[in-house]
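Report on the structure
The residues making up each chain are set out below.
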Amino acid sequence: MDGLRPPATLATSASCSSSSASCSSDSSVLLPGRNHHHQQKIKAAKEVGVLASFQCSSALRRRGRRRSSSSSFEPVHFVGSRGGTTFASSFLVGRLLGVVEEEEELSSLRRQACRSGEEGIGHSDDCGVRVACNRVRSRRRSSVSSSGTETELTSTSDAGRNEREIKKGSTHDTRFTVETALKSSPSSTPSQSTTTTRVEFGSSVLDPGSHTLSGHRNSSLRIGPFVECLEITGGSILSGEVKISGAKNSSLAVLAGALCSEQELCLRRIPDLHDVRRMFQVLQSVGVQIQRTPSGIIKVDASNITSVEPCPEAVRKLRASFFVIGALVGRQGEAIVPLPGGCNIGARPIDLHVRGLEALGAQVEIRQGKVHARATNGKHLVGGNFCLDYPSVGATETLMMAAALADGKTMLSNVAQEPEVVDLADFLTSCGASIHGAGTNTLNIVGRRKLHGTEYQIIPDRIEAGTFLLAAAITRSTISISPVVPTHLTSVVSKLRTIGCHIQQTSSNGLWINTPQVLRNMDVKTLPYPGFPTDLQPQLMSLLTTCSGQSIVEETVFENRMRHVEELQKLGANVKVSRSLAIINGKDQGSSLYGAPVLAADLRAGAALVLAGMAAEGTTHIEGVSHIDRGYEKLDHKLCLLGASIQRLPCLPSELTM
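Residues numbered from 1 in each chain as written. Predicted model: local features only at pLDDT ≥ 70, side-chain atom pairs only at ≥ 80, totals over all residues. Heavy atoms only, no water.

The chain is annotated in an unreviewed UniProt entry as UDP-N-acetylglucosamine 1-carboxyvinyltransferase from Sphagnum troendelagicum. Quoted verbatim from the Subcellular location (unreviewed entry) field of UniProt, the annotation for the chain is "Cytoplasm". Quoted verbatim from the Catalytic activity (unreviewed entry) field of the UniProt record, the comment on the chain reads "phosphoenolpyruvate + UDP-N-acetyl-alpha-D-glucosamine = UDP-N-acetyl-3-O-(1-carboxyvinyl)-alpha-D-glucosamine + phosphate". (UniProt positions renumbered as here; feature names shortened; annotations may be inferred.)

Some remarks on the pairing of strand S27 (residues 550-554)
Successive residues of a regular strand alternate their side chains across the two faces of the sheet. Because side chains alternate across S27, one face comprises the buried residues Ser551 and Val553, and the other comprises Gln550, Ile552 and Glu554, none of which is buried. Here three bridges tie strand S26 (residues 523-525) to S27, and the two strands are oriented parallel to one another. Residue pairing in the sheet places Asp523 in a bridge with Ile552 of S27. Taking the sense of rotation as the criterion, the β-α-β connection linking S26, helix H14 (residues 537-544) and S27 turns out right-handed. Both S27 and strand S29 (residues 581-585) contribute to a ladder of five bridges, which runs antiparallel. By the bridge assignment for S29, Gln550 is matched with Asn585. (Buried < 20%, exposed > 50% of the residue type's maximum accessible area, 1.4 Å probe, protein only. Helix = DSSP H or I, 4+ residues; strand = E, 2+ residues; numbered from the N terminus. Pairing = 2+ DSSP bridges. Right-handed = clockwise from strand over helix to strand, strands pointing away.)

Focus on the sheet that holds strand S19 (residues 409-413)
Paired through backbone hydrogen bonds, the strands of a sheet run either parallel or antiparallel to each other. Overall, mixed pairing links the four strands, which are arranged S18-S19-S21-S20 in an open sheet. In this open sheet, the two strands that pair with only one neighbour each are strand S18 (385-387) and strand S20 (434-436). Here the strands of the sheet are splayed against their neighbours by 15° on average, with no regard to which way each runs. In terms of strand pairing, S20 meets strand S21 (residues 442-446) through three bridges, oriented antiparallel. Paired with His436 across the bridge in S21 is Asn444. (Axes fitted to C-alpha atoms, helices over the stretch in contact; angles between N-to-C directions.)

Side note on the packing of helix H12 (residues 462-474) against helix H13 (residues 490-499)
Where H12 contacts H13, the two axes come as close as 10 Å, and the packing angle between them is 10°. With respect to their mutual orientation, H12 and H13 come out roughly parallel. Between H12, through Gly466, Leu469, Leu470 and Ala473, and H13, the contact on the second element is made entirely by Val492, Val493 and Leu496. Residues belonging to the contact of H12 with H13 are distributed by class as follows: six nonpolar, one polar and no charged. (Parallel < 35°, antiparallel > 145°, perpendicular 65-115°, else oblique. Contact = heavy atoms within 4.5 Å. Nonpolar A, V, L, I, M, F, W, Y, C, P; charged D, E, K, R; others polar.)

Brief notes about unusual backbone geometry
The linkage connecting Ser482 with the following residue, Pro483, adopts the cis geometry, with an omega of -10°. The peptide bond linking Tyr529 to Pro530 adopts the cis configuration, its omega dihedral lying at 15°. Among the structural elements, Pro530 can be located in the loop between S26 and H14. For Gln368, which is not a glycine, the phi torsion comes out positive at approximately 50°. Looking at where Gln368 falls in the secondary structure, it is placed in the loop between strand S16 (362-367) and strand S17 (370-375). Of note in this structure, Arg579 is not a glycine but carries a positive phi near 60°. Relative to the elements of secondary structure, Arg579 occurs in the loop between strand S28 (574-578) and S29. The exposure class assigned to Arg579 is exposed, which follows from its relative accessible area of 79%.

With respect to the packing of helix H10 (residues 393-404) against helix H11 (residues 419-430)
One can describe the packing of H10 onto H11 by two numbers: an axis separation of 10 Å at closest approach and a directional angle of 10°. Compared by their axis directions, H10 and H11 come out roughly parallel. Facing H10, whose interface residues are Val393, Thr396, Glu397, Met400 and Met401, H11 presents Glu420, Val421, Leu424, Ala425 and Leu428. Considering only residue class, the contact of H10 with H11 consists of seven nonpolar, one polar and two charged.

Shown next, in the form of structure tokens:
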């Protein structure tokens, strides 16, 4: 349907005037009116007027279809385009205006949607409701007037962009201005009096704060900035070579470690990710200067730290930002860091961080949601010995940074052995730190009073590499990936070979995978490195739904990392979960993937849904794309270069979906 997808969003509601010139009866979403009680609701809804004005810098195009002649349905008008779009959900509008409240009414919408399968009707939204869309030509203005309702559509081009640039379809500079007003009707109550909100989206995003759109029956919706969703058409075969970006988890740790150095650093292969930008914000909030050169090199200057308390808002959005506590208290003798945020995949307590810092001579208190750490002697941390109860990657990295600047020797036992931990140790060593044993379960560190500048290149992302290997397997394709460190992927390669994939090392930093049509089942348990990584468990589960037989996946790292199962079930996966154990019935035992609207609840769950969507029959729509962008650099773009059919489309935020 030319890339148009209808996630549930804001729309206007009321019957369309037959005399409307420019937005005639060629496009509508249908609301059922089956009985007197229902017609009363619709009549009440007509008394509420909504004015919506949209401006966008990308060209809008018109698409429509003939309105149903059924008199028992009321139309809802909305607009749509490919470069910057707003869509409508009949269920959302009905709920907003108090017209659709019961599951029975929703079922009627679904049935009507199933009967509307002609071209020009979009795919089902989260409620299974098919909606139509208008394509409005550039610089063309159309309006709809009916009893108490107006809709005004405007399309303009930025002054500095010509028509050819607009046709390129860039959505990054798209700006929307949304104005909503509820008109007072003669029968309206004081609570229904006229209110107006204005929210700008795009390059200049304004926090909508408490802006709401209030409708009939005192219902309320918050208006937020536009987000994006992915539309994936399954069945494509992948081919070619894909370039792997720098490791996200390593980049975040190294950026936190940059606080240990008092001279400028040049970091290569730092991926352009949402999480990385948030870490930039955290560092800048304490006085660090950061610059990205045209060649992609990140220059970091932490010579002048102006604060020991990073921005709370930035820290709470990124768990890895908590790692700066080790570098700050090690260098400044004090740090105040808010409790961290991140993906909700289970409890990740900071008790190991706290007890480890105390072992290095820090006094640590948690007050009002913040961790206050101060060197007991008022100057610097001192070396000590500490054994981690669990080989936590975050705790290991935090204590490594603190110990690198402590006075004396430190021994850390039962530490994490992940490649990202080794990468941080190598980075600190290149800055002058003395760290031995990285990659084993024991670290021996001799503290240095100051660390100098360096040039350093981040390792390739083993999780991204594993995701592309699994993408090739689930689509039964043949691709090459580079650069990678093959030893970092040993457990992944071993499991893929077990189910029947053919994988070869083509160079010192390259792998090739070929996948037969029939793959076997297997059992897998997630473990700390060098075991199978928990960050690839959701993606592997998607693959196992397409294999033969029954597979078992046991999650031992995070207790809440099965949230993607419910979304996979919406796509037709036959998966049963009992606590941390998942039983996956393969293709010959009930799993049959087909397109459906789903929501990415976290980073790796989002990647799993992308893979499942590529293997599914039909079209899959994924909301929550911001989670995916947190950890994958241009994942959809890279998959498209390999032959996947994926489009990134704008939509309203998830709080407006049903």
